[in-house]
Every structure is written in structure tokens, then in C-alpha cells.
Amino acid sequence: MGGLFTWLLAFFVLIALLILVVYQLMCLADLEFDYINPYDTASRINNVVLPEFITQGALCFFYLLTGHWLMSLLCVPYLCYNVRLYTQRKHLVDVTEIFAMLNWEKKQRLFKLAYIILLILISIFWMIWSALEEEE
């Protein structure tokens, strides 16, 4: 029963990550269609960037603690990318350059979104697998 709860917890953390990235994409889309100004967009995105990084790092560490080595290895590239952005101080959106970097910021978050969806699908597979395995 512990395996199922582990996968459920990981699934809900991945859903939280998905929500954070979709929120950032929505803010960028609102800026692109001129619904909000650049300052509000940058402040909204910058408020959720660090929680996204911390949540993803905690998820990778959680997979490591629970012995799910494959999932932990799958989380490492995303974690390394986030750490690289943070150490180079490129993790925050600059208000003055947001229009120039809009396409890059959207692409970056779309790749993150695709990666999280892949992790969710793998997590769902292992959740179903562990539920069926516990029934036997």
C-alpha cells in the first residue's frame, strides 16, 4: 500500500508543477495579447518561479528517498536546468526585456510543460502498476 501512496503523492506534486508552469504560460499569453502590462506579468511570473524550482527539487529528492531511481534520473535534467538558470541569475523575468524575450520565455515554459506531462504519464503508469501489483 505504501507504493501506491508514494505514487499518488508524486502525482499530486507533478500536478502542482503543471499548474505553476501553465500559470506562467497564461501570464505570458496575457502579455502577448496586451491584457496586462509587463510589470504585472513579470511580478506574477517571478513570484512562482522559486516555488516551482523548490517543488521540482523536492520531487527529485523524494524519488531518490523512495528508491524510484528511474524517475529520479528522469527528473535530473530538469533539475540541472533549473539550477543552471538560478546560478546564472537568469531565472527571473526582466520587466524591461520581457517583450524582446517573449517567444523564448514561452518556448522555455512549453518545453517544461511537455517534460512535466511526460513525467505525469510515467507516474500514472507506475501508479496503476503498483495498484494492480498490490491486489495480487
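Below is a short write-up of the structure. Predicted model only: the values in this text are computed from it and were never measured. (Residues numbered from 1 in each chain as written. Predicted model: local features only at pLDDT ≥ 70, side-chain atom pairs only at ≥ 80, totals over all residues. Heavy atoms only, no water.)

**What to know about the overall build of the protein**
Here comes step 1: Along the protein, the regular secondary structure elements total four helices and zero strands.
Here comes step 2: Start at the N end of the protein and walk to the C end: the helices and strands fall as α-α-α-α.
Here comes step 3: Pairs at least 24 apart in sequence give 79% of the contacts found in the protein among residues at least 6 apart.
Here comes step 4: Only carbon and sulfur atoms are counted for the fraction: they give 71% of the accessible area of the protein, which is about 8,200 Å². (Helix = DSSP H or I, 4+ residues; strand = E, 2+ residues; numbered from the N terminus. Contact = heavy atoms within 4.5 Å. Areas by Shrake-Rupley, 256 points an atom, 1.4 Å probe, with all protein chains shown as cover.)

**Some details on the state of the cysteines**
Here comes step 1: Applying the stated criterion to the full structure yields zero disulfides.
Here comes step 2: Counting only cysteine sulfurs, Cys60 is the nearest neighbor of Cys80, a cysteine outside any disulfide, at a range of 8.2 Å. (Disulfide = S-S within 2.5 Å.)

**A short note on the packing of aromatic side chains**
Here comes step 1: By the definition in use, this model includes nine aromatic pairs.
Here comes step 2: A ring pair is formed by Trp7 and Trp126, whose centres lie 6.4 Å apart and whose planes are at 15°; its orientation type is stacked. Here Trp7, found in helix α1 (residues 2-32), pairs with Trp126, found in helix α4 (residues 102-135); they are 119 residues apart in sequence, far enough to count as distant.
Here comes step 3: By relative accessible area, which is 5% here, Trp7 ends up buried.
Here comes step 4: Residues Phe33 and Tyr35 carry aromatic rings whose centres are separated by 6.5 Å and whose planes lie at 40° to one another, so their mutual orientation is tilted.
Here comes step 5: Aromatic ring contacts, followed pair by pair, group Trp7, Phe62, Tyr63, Phe125, Trp126 and Trp129 into a single cluster. (Phe/Tyr/Trp six-rings, centres within 6.5 Å; stacked < 30°, edge-to-face > 60°. Buried < 20%, exposed > 50% of the residue type's maximum accessible area, 1.4 Å probe, protein only.)

**Looking at helix α2 (residues 38-66)**
Because an α-helix packs 3.6 residues into every turn, residues spaced three or four apart end up facing the same way.
Here comes step 1: Over its 29 residues, α2 extends 42 Å from the first C-alpha to the last, a length consistent with the 42 Å expected when each residue adds 1.5 Å.
Here comes step 2: Along α2, the positions that sit buried rather than exposed are Thr41, Ala42, Ile45, Val48, Val49, Glu52, Phe53, Gln56, Leu59, Cys60 and Tyr63.
Here comes step 3: Two residues or fewer past α2, Gly67 is found with a positive phi of approximately 85°. (Expected span 1.5 Å × (residues − 1).)

**Topic: α4**
Here comes step 1: With 34 residues, α4 extends 49 Å between its outermost C-alpha atoms, agreeing within 8% with the 50 Å of an ideal straight helix rising 1.5 Å per residue.
Here comes step 2: The set of residues buried in α4 consists of Leu102, Glu105, Gln108, Arg109, Lys112, Leu113, Ile116, Leu119, Ile120, Ser123, Met127 and Ser130.

**A word on the nonpolar core**
Here comes step 1: Of all hydrophobic cores here, the largest spans 20 residues; its most connected members are Leu14, Leu59, Tyr63, Cys75, Ile116 and Ile120.
Here comes step 2: Residue assignment for this core shows that the elements contributing at least two residues are α1, α2, α3 (69-87) and α4.
Here comes step 3: With nine residues, α1 is the single largest residue contributor to this core.
Here comes step 4: What Ile116 contacts, discounting residues up to four positions off in sequence, is Leu14, Leu17, Leu18, Val21 and Tyr78.
Here comes step 5: One finds Cys27, Ile45, Leu85 and Leu102 within the second-largest nonpolar core, a separate group that totals eleven residues. (Core = buried A, V, L, I, M, F, W, Y, C linked by side-chain atoms within 4.5 Å.)

**So, the environment of Tyr81**
Here comes step 1: For Tyr81, the location among the structural elements is in helix α3.
Here comes step 2: Separated by 28 residues in the primary sequence, Tyr81 and Phe53 place their C-alpha atoms 9.9 Å from one another.
Here comes step 3: Residues contacting Tyr81, with those up to four places away along its chain left out, are Trp104, Gln108 and Lys112.

**Here's the deal with a nonpolar patch on the surface**
Here comes step 1: Together, Ile117, Leu121, Ile124, Ile128 and Leu132 make up an exposed nonpolar region whose accessible area comes to about 440 Å².
Here comes step 2: Structurally, the position occupied by Ile117 is in helix α4. (Patch = residues over 30% accessible without salt bridge, like charges linked within 9 Å, V, L, I, M, F, W, Y side chains within 5 Å. Salt bridge = Lys/Arg side-chain N within 4 Å of Asp/Glu carboxyl O.)

By themselves these figures say nothing about function.
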